[in-house]
Each structure stands twice: as structure tokens, then as C-alpha cells.
Amino acid sequence: MSKTPDPSRIVRVASGQGFWGDWLDAPRRQVEGGPVDYLMLDYLAEVTMSILQKQKERDPAMGYARDFIGAMESVLPAVVDRGVKVIANAGGVNPVSCARAVLEVARRAGATGKLKIGVVTGDDLLPRIDELIGAGHSLTHMDTGAPLSTVRDRVLSANAYIGSTPIVEALAKGANVVVTGRSTDTALTMAPLRHEFGWGASDWDKLAAGIIAGHIIECGAQCSGGNCLHDWRNIPDLANIGYPIVEARADGTFVIVKHPGTGGRISVPSVTEQCVYEMGDPNSYITPDVVADFTTIHLADDGPNRVRVHGIKGRPATDKLKVSIAYRAGFKAVGTLVYSWPDAMDKARLADRVLRERLDRMGLRFDQSLTEYVGVSSTHGPLSVASGEAPEVQLRVGVRADDRQMVERFTREIAPLVLNGPPSVTGFAGGRPKVEEIVAYWPALVDKSVVQTSVEVLS
Amino acid sequence: MKVRLVDIAHARSGDKGDTANVGVIALRPDWYPLIDAHLTRDRVRAHFAGVITGDVERYALPNLKALNFLLHGALDGGGTLSLKTDAQGKVFSTAMLRMVLDVPDDEARTLGLPPAPA
């Protein structure tokens, strides 16, 4: 692992997926559009693990991000022939099955023996919850302070966010594909840099730089012109947008770039927007590896579609890991109807009053209900300023309750309004609203010492 | 002079549980001190009165010419519990940019600030 640091050597980590559901073409475009050393694919959002847990309960061979298998198919030639390495948290709650499915892809492509897949496990705490609670780890909700015991019987999944160390270990063992469960998104980028440059576990500034590089590219094109408010009209060729690539050096400085000939834009404003995305206290961005300080980030224009990042400082990591717990939290449904000019808003308001009076008369008491007027005030609420009469308004009513029957009953009350409520109503082609079971997120902390990761290499 | 925040800053927002974060970034580096001075915690609290149920936290990132605000109780419970269209707080950014600032004429002229449309 210890290599002589060559200050001019560049390692390129490309982002090919910002969430499960991102552009299917992006991974292939990243390995074919120009030189990259690593392809980083982030599949896991806060409640993804619980969805995967449910899939695994139905079929013990499932429980991982299926999109990853298609992505591996599309990038296999680059991995096998050109040595591009892939790091993904696609393993979900079943990294071993995920790795086996990837090996099957290689076998079908006649590349048996060409993949060494490092599988990182140990993040899954579901089988250990009672043991942990019994040993005094209350897994208190980080925002509300409630102990996990209050929802214990409704817990679906529990995973510790793990850092870069097991991924580095897998790379050191010669893996060219690394599959993890609930790794932090940022570790997927930082780990290969730590591996390539031989950064130590207490090189806080360099580790922080790797984490911030990861933060900037973990949402895919959101730093390269996608969802970019700054000068959005003039961002070129979004249809052909280039996903970001980190060009990193051993000293912890890096440049954010994209492949030549691609659309989008990498600029100081586009990267700054991503820096502040989902930010808490910028002085302390806490990860399992290091506490990164976002107030030390310096961005500089480095030519067209190149932004240089330097000056980053970090501090020692804490002795805790964040745990992502998912639990069943009742049911919800959302119904919509569209009202047209004239007086669209007045009609929508009247329909809402009629609906609520009926629900009330039936004795339905929801834990939560919300009416929004889409086209008027659904996104900015009372801050919205009406400018003239709305040509049309979508009434959107949502309810939530522990009792599924109550939510079902609500869904029967939307359609009747088409014939027995205010006039000029349409937009009900979708039929009765669907009742959805809510799987909610419970963030907690646990002592690092109780989580043991392990790394296995399959080929 | 009235100056619209949307004409002098850009922004991005996201979620963490029931909290929305809004990062506000000066469109020109020399406009950052003005934004830093005007967007106090109290001012942002007042702006979002009736929109959020919790308090506001404020952090400065002079290195990025940016401010970061945490708006607690912004997302109707947050995540999958929320019934809101914007359950993930994606457009609290533009809600923040609806703010209009009162800037002394001299200062506005010196900084070349665009006046709000009448």
C-alpha cells in the first residue's frame, strides 16, 4: 500500500451514478469518453436499504441494487481490457449475492476469471439489534432523542455507515470491483485515492480532501450543470451532459473535470452549488474516517470545464458511526384533481372544504393531512405571490395514518368530487389514489468498536 | 433601493430529516459582504415564518462566498413521512431567493446592484 508519492501523478475517479434510478447510460459514457482509473457508483439513499431488505425477505438471493448488474455489463470491456476499477455501494443488504450476479455477467461475456470482486460486509446490524440494545446501545433518534425501543417491533433494516478502510483493504487485496453495503457515499471516492496515494489513517487533511471530492461528485451531474440554478439558460447541451471526474494528486488537491465533447458545465458556481447541497454545520462534516471542514475549501477556475480544489483541512474522526435504521410508520395516500379557469383557485378551495367536511363527518382522524394548490402555492406556501388569475390549479390532498383502512377510505372520496363537487374539474385519469406503506428513517449513532467489517475477494 | 436576492445570489437546497438546508451563494464575490450583512438569522426566521415550524441556524462560508441556513421543521415530518410535494426541500432554495433587500442607494450604486423591477 505504501507507494512513493509522485507529486505529478494523477488518479481519476469518475462518478457514474448519483442515486438508484440515475441515468443508465452514464457509467458507460464515463469509461468510454476518456481516461479514468476508477468508476464510482452510488446507489443508496436513506430508505433504500429497507426496500432491499423487503426484497431479500421475499427472495434470499435479492436485496441489492439491480441496476448495478446492467451497469457492469455496459462497462465490463473497460474493466477487463483497460483495467478500470469499479467501486459501488450496490450491495445493499446482500453484497455477496450482488457480487455473484456480477461474476455471472462476466461468465456470460466470456470473461470468467477476469474479475476479482472485493465484497465488504459487516454494516448490517439488523440481526444484532436486540444484542446492542441489551448491551446499553439505545440507538436514540438523532433528531428527536427517542430510544429505538419505542419502534423496535417495526424495524425493517439497520445498517452502520462504514468508511473507506474496508474498501482500501479490498483494493489492496487486488480487487478490480468492490461491492459494499451501506458505505458512506463519500468513502467510495476517497478510498481509491487513499489506496493509490498511500494516505495514512491519520492524514486528516488529505482524507478530508478525499471526502470533499466525494461529496462534490456523489450526486453525479448535479455538480456539472445538472439542477444548476446559476446561469441555467446558457448551460450547453444538457441532453449530452458529462458526469464529473475527480483528477486527484497525492497532496490532496484535485480538479473537477468532465470528458471532452460532453454537455453541461463545470464552473466555480456549479461546483459551489454542489458543495452546499445537503450541508449541515460546514465546520464539521462528520464521516467515519475524518471530520472535514467545508469552510477551508478553495475553488479556482482552471480553464474551461475545470475547477481546481485546494486548501482543505480535516480533523480526527469521532468514535461513533451513524446508523441508518428503517421502520414501518403507517400509511399514506395523495389524491389530486385539476380545476380550470374561470376562478380555478376558488373552485379548488371549495373542493377541499367539501372533501374535508365529508372526511370529518365519517369520523376519519388522520395523524397528518395536507392540502396544496399546485400551480399556485405548493412549493413556496405563503411566500408565493399570485400574479394574475391562475389558468388552472391542481388540488393535491395527502393524508397519513397508522390505520390502513382509514387511508383506504380517504382514497374513495376523491373521485366522487368530479360529479358531486365544484365545476370545471378534470385530471382524474389515473384512478383512485394508491395507498402506500411508509417506511421511515431513524438516524442513530453507535460506538465504532461494535461494528466489525470484513472483506472477502470472490473471483 | 429595493434589490431582489434572486438578482444577486444563487442557491441550492436539500434535506436532512425534517430539516431543509439552503445554501445561498453570491453571484459576484464583492456582493458577498452585503448578503452576509442582510441575511441575518432573524431576517431568515422572519422570511420563513408560517412556512417552517422550527428554528433557523446560520453558518458562514466566506471561502465559498456562501451562507448556509438550516431550517428546522421545514418538511412536514421529512423524508417518506412528509405529504409535501417538496418533501426533500429541493426548492426551498428559490423560496429563499424571494427575499427583497433594502440597500442604501449609494451602496447599491457602488456595488452595481441591479434594482428590483418596479
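Since we're looking at a predicted model, the values are computed, not measured. (Residues numbered from 1 in each chain as written. Chains lettered and ligands numbered in written order. Predicted model: local features only at pLDDT ≥ 70, side-chain atom pairs only at ≥ 80, totals over all residues.)

Some points on the overall build of chain B
Thinking step 1. Scanning chain B from terminus to terminus reveals 5 helices and 6 strands.
Thinking step 2. Its C-alpha atoms give chain B a radius of gyration of 15 Å, within 12% of the compact-globule value 13 Å for 118 residues.
Thinking step 3. Seen along its three principal axes, the alpha-carbon backbone of chain B occupies a region of about 50 × 35 × 20 Å.
Thinking step 4. Scored against the burial criterion, the 118 residues of chain B give a buried share of 48%.
Thinking step 5. Looking at chain B alone, contacts between residues at least 24 apart form 59% of all its contacts between residues at least 6 apart. (Helix = DSSP H or I, 4+ residues; strand = E, 2+ residues; numbered from the N terminus. Rg over C-alpha atoms; globule rule 2.2 N^0.38 Å. Buried ≥ 20, exposed ≤ 12 C-beta atoms within 10 Å, placed from the backbone. Contact = placed C-beta atoms within 7 Å.)

A few points about the overall build of chain A
Thinking step 1. When helices and strands are tallied, chain A shows 12 helices and 19 strands.
Thinking step 2. On C-alpha atoms alone, chain A measures out to a radius of gyration of 25 Å, which is about the 23 Å that the 2.2 N^0.38 rule sets for 459 residues.
Thinking step 3. Seen through its principal axes, chain A has C-alpha atoms that stretch 75 × 55 × 50 Å.
Thinking step 4. Classification of the 459 residues of chain A by burial places 48% in the buried group.

Examining the domain arrangement of chain A
Thinking step 1. Domain annotation for chain A reports domain 1 (11-123 + 161-318) and domain 2 (330-441).
Thinking step 2. Between domain 1 of chain A and domain 2 of chain A, the C-alpha centre-to-centre distance is 40 Å. (Domains from an automatic or database assignment.)

Here we look at the packing of helix α3 (residues 67-82) of chain A against helix α4 (residues 95-108) of chain A
Residue and element names in this part refer to chain A.
Thinking step 1. For the pair α3 and α4, the least separation of the axes is 10 Å and the interaxial angle reads 35°. Between α3 and α4 lies a crossing whose hand is right-handed. From α3, F68, I69, M72, E73 and L76 reach across to α4, where they touch C98, A101, V102, V105 and A106.
Thinking step 2. Of the residues assigned to the contact of α3 with α4, the class counts are 9 nonpolar, no polar and 1 charged. (Axes fitted to C-alpha atoms, helices over the stretch in contact; angles between N-to-C directions. Left-handed = near helix turned anticlockwise from the far one by under 90°. Nonpolar A, V, L, I, M, F, W, Y, C, P; charged D, E, K, R; others polar.)

Thoughts on the interface of chain A and chain B
Thinking step 1. Taken together, the contact pairs 43 residues of chain A with 33 residues of chain B.
Thinking step 2. Those elements that place two or more of their residues in the side of chain A that touches chain B are α9 (268-275), β11 (298-301), β14 (320-340), β15 (368-374), β16 (392-401) and β18 (436-447) of chain A.
Thinking step 3. Among the elements that take part in the side of chain A that touches chain B, β18 of chain A stands out by supplying 5 residues, more than any other.
Thinking step 4. Its residues placed into classes, the side of chain A that touches chain B shows 22 nonpolar, 12 polar and 9 charged.

With respect to the nonpolar core
Thinking step 1. Counting 155 residues, the largest nonpolar core has L39, F68, I212 and I256 of chain A together with V24 of chain B as its most contacted members.
Thinking step 2. In terms of nonpolar packing, the next biggest core, distinct from the first, is built from 12 residues, A344, A348, A351 and L355 of chain A among them. (Core = buried A, V, L, I, M, F, W, Y, C linked by C-beta atoms within 7 Å.)

Some words on the environment of V450 of chain A
Residues and elements named next belong to chain A.
Thinking step 1. Turning to its location among the elements, V450 is positioned in the loop between β18 and β19 (454-458).
Thinking step 2. Note on V450: 14 C-beta atoms within 10 Å, which makes it partly exposed.
Thinking step 3. Ignoring sequence-local partners within four residues, the contact set of V450 consists of L132 and H137.

As for the pairing of strand β4 (residues 117-121) of chain A
All names here are of chain A.
Thinking step 1. Burial runs high along β4: 4 of the 5 residues are buried.
Thinking step 2. As judged from the 3 bridges shared by β4 and strand β6 (residues 177-179), these two strands associate in the parallel manner. Counterpart to V119 in the pairing with β6 is V179.
Thinking step 3. Looking at chain direction, β4 and β19 are connected through 5 bridges and run antiparallel. Of the residues in β19, the one forming a bridge with T121 is S454. (Pairing = 2+ DSSP bridges.)

Quick look at helix α11 (residues 404-411) of chain A
All names here are of chain A.
Thinking step 1. Along α11, the residues that are buried comprise M406, V407 and F410. Each buried residue of α11 lies within a common arc of 95° when the element is viewed along its axis, so the set occupies one face.
Thinking step 2. Buried-residue contacts for α11 involve β14, α10 (344-361) and β16. (Arc of directions from axis to C-beta.)

What about the sheet that holds strand β5 (residues 66-71) of chain B?
Adjacent strands of a sheet form backbone hydrogen bonds with each other and so pair up, either parallel or antiparallel.
Residues and elements named next belong to chain B.
Thinking step 1. Strand order in this open sheet of 4 strands is β2-β3-β5-β4, and the pairing throughout is antiparallel. The open sheet terminates on both sides in strands that have one partner only, identified here as β2 (9-16) and β4 (56-61). Recorded for the sheet is a direction-independent mean angle of 20° between the axes of neighbouring strands.
Thinking step 2. Sheet topology places strand β3 (residues 19-26) next to β5; 6 bridges connect them, and they run antiparallel.

Re the packing of helix α6 (residues 165-172) of chain A against helix α7 (residues 187-197) of chain A
Residues and elements named next belong to chain A.
Thinking step 1. Axis separation between α6 and α7 bottoms out at 8 Å; the angle between their running directions is 45°. As the angle between them shows, α6 and α7 are arranged oblique. You can see that α6 and α7 cross each other, and the crossing is right-handed. Here α6 contributes I167, V168, L171 and A172 to the contact with α7, which in turn contributes A187, A191, P192, R194 and H195.
Thinking step 2. Each residue belonging to the contact of α6 with α7 can be placed in one class, and the counts come to 7 nonpolar, 1 polar and 1 charged. (Parallel < 35°, antiparallel > 145°, perpendicular 65-115°, else oblique.)

Remarks on the environment of G23 of chain B
Thinking step 1. Relative to the helices and strands, G23 of chain B resides in strand β3.
Thinking step 2. Between the C-alpha atoms of G23 of chain B and L97 of chain B, which are 74 residues apart in sequence, the distance is 11 Å.
Thinking step 3. Filtering out sequence-adjacent residues up to four positions away, G23 of chain B remains in contact with V276 and M279 of chain A together with A11, R12, A66 and N68 of chain B.

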